[in-house]
Amino acid sequence: MVSAPSSAEPARLGAQAYVRGGADQTAVKILVVGHFAVGKTTFIGSISEIEPLSTEETMTRAAEGIDDLKGVTGKTTTTVAMDFGRLTISDRVVLYLFGTPGQQRFVQMWEDMARGALGALVLVDPERLADSFPVIDLIEHYGLDYAIAVNHFDGSPPRDEAALREALDLLADTPVVTCDARDEKSSAAALTTLVRYLLDRTR
């Protein structure tokens, strides 16, 4: 009999918590990317079927003048490594979601994060579109197909898709969806759009 961990010993998730059994299953690596404070951690947390692995840390005075909080309210934490979650979308396909930090000082992590990824979901704040340009440039640099998910924040007016496409200089076939990163169904719909697009690209 295996004894339960004592109260002094923290419970740990084993590998089986992150890897599902089944020889016929296909693991698909997806990046969830976007600029600082766009909602990546919230998105993965809303949809992951396991407890997300998160590296959120409280923001300190050391970040003042480095992390741009213009247009951001209520932001007290930031991702310092990555977020990780998992979503099973069928008996055969499991998505492994990797959320990348949005700050420029973490760009050196992107090469490792992009390796083996099938594609990316780019979260966009319609009030801070210019902040998305460096992120999209990186995704294109690493040759990843992607979809745009416009994270609809409280109080922000709806944006015209054609205007968004023009502002972000997107190709005609790049999917653009609106989502609420806090809502499980909305986040799932955005990911479904991306996966369908990726499947079409591989046929």
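Residues numbered from 1 in each chain as written. Predicted model: local features only at pLDDT ≥ 70, side-chain atom pairs only at ≥ 80, totals over all residues. Heavy atoms only, no water.

Q: Got a minute to help me understand the pairing of strand β4 (residues 83-88) in this structure?
A: Two faces, one strand: in a regular strand the side chains alternate between the faces of the sheet. Where burial is concerned, most of β4 is hidden: five out of the six residues are buried. Relative to strand β5 (residues 93-99), β4 runs antiparallel, the two sharing six bridges. The residue bridging G85 from the neighbouring strand is L97, located in β5. Counting the residues in the hairpin turn of β4 and β5 gives four residues. (Buried < 20%, exposed > 50% of the residue type's maximum accessible area, 1.4 Å probe, protein only. Helix = DSSP H or I, 4+ residues; strand = E, 2+ residues; numbered from the N terminus. Pairing = 2+ DSSP bridges.)

Q: I'm lost on the sheet that holds strand β6 (residues 119-124) in this one. Help?
A: Adjacent strands of a sheet pair through backbone hydrogen bonds, lying either parallel or antiparallel. What the six strands build is an open sheet, ordered β4-β5-β1-β6-β7-β8; its pairing is mixed. Two strands lie at the open edges of the sheet, namely β4 and β8 (176-179), each paired on one side alone. Strand-to-strand twist across the sheet, computed as the mean angle between neighbouring axes with direction ignored, equals 25°. Two strands pair when backbone bridges link them, and strand β1 (residues 26-34) and β5 are joined in this way by seven bridges, in the parallel orientation. (Axes fitted to C-alpha atoms, helices over the stretch in contact; angles between N-to-C directions.)

Q: Teacher, can you tell me more about the pairing of β1 here?
A: Of all nine residues in β1, seven are buried; the element is thus mostly enclosed. In the sheet, β1 pairs with β6 via five bridges, with the strands oriented parallel. The residue of β6 that forms the bridge with V33 is V122.

Q: How should the nonpolar core be read in this particular structure?
A: What tends to happen in soluble globular proteins is that the nonpolar side chains get buried as a cluster. Judged by nonpolar contacts, the single largest core of 27 residues is most densely connected at L31, V33, V122, I139, Y146, I148 and L168. Elements represented by at least two residues in this core include exactly β1, β5, α2 (110-114), β6, α3 (133-141), β7 (145-151) and α4 (161-168). In contact with L31, not counting residues within four places along its chain, are F98, M113, A114, A117, G119, A120, L121 and L144. Core analysis: the next-biggest nonpolar cluster, separate from the first, contains 23 residues, V38, L97, L121 and C179 among them. (Core = buried A, V, L, I, M, F, W, Y, C linked by side-chain atoms within 4.5 Å. Contact = heavy atoms within 4.5 Å.)

Q: Honestly, the pattern of salt bridges in this entry has me stumped. Any pointers?
A: Two side chains bearing opposite charge may form a pair once their charged atoms approach each other closely. Counted by the stated rule, this structure contains nine salt bridges. The closest approach of N and O atoms between R115 and E111, which form a salt bridge, is 3.9 Å. Put simply, D173 and R201 hold a salt bridge, and the shortest N to O gap is 3.3 Å. Here D173, found in the loop between α4 and β8, pairs with R201, found in helix α5 (residues 184-202); they are 28 residues apart in sequence, far enough to count as distant. Of the residues examined, D173 reaches a relative accessible area of 39% and is grouped as partly exposed. Taken together, the shared-partner salt bridges in this structure form one network comprising E111, D112 and R115. (Salt bridge = Lys/Arg side-chain N within 4 Å of Asp/Glu carboxyl O.)

Q: Would you mind showing me how to read the side chain of S186 here?
A: One can find S186 in helix α5. Dropping the residues within four chain positions of it, S186 is found in contact with T178, C179 and D180.

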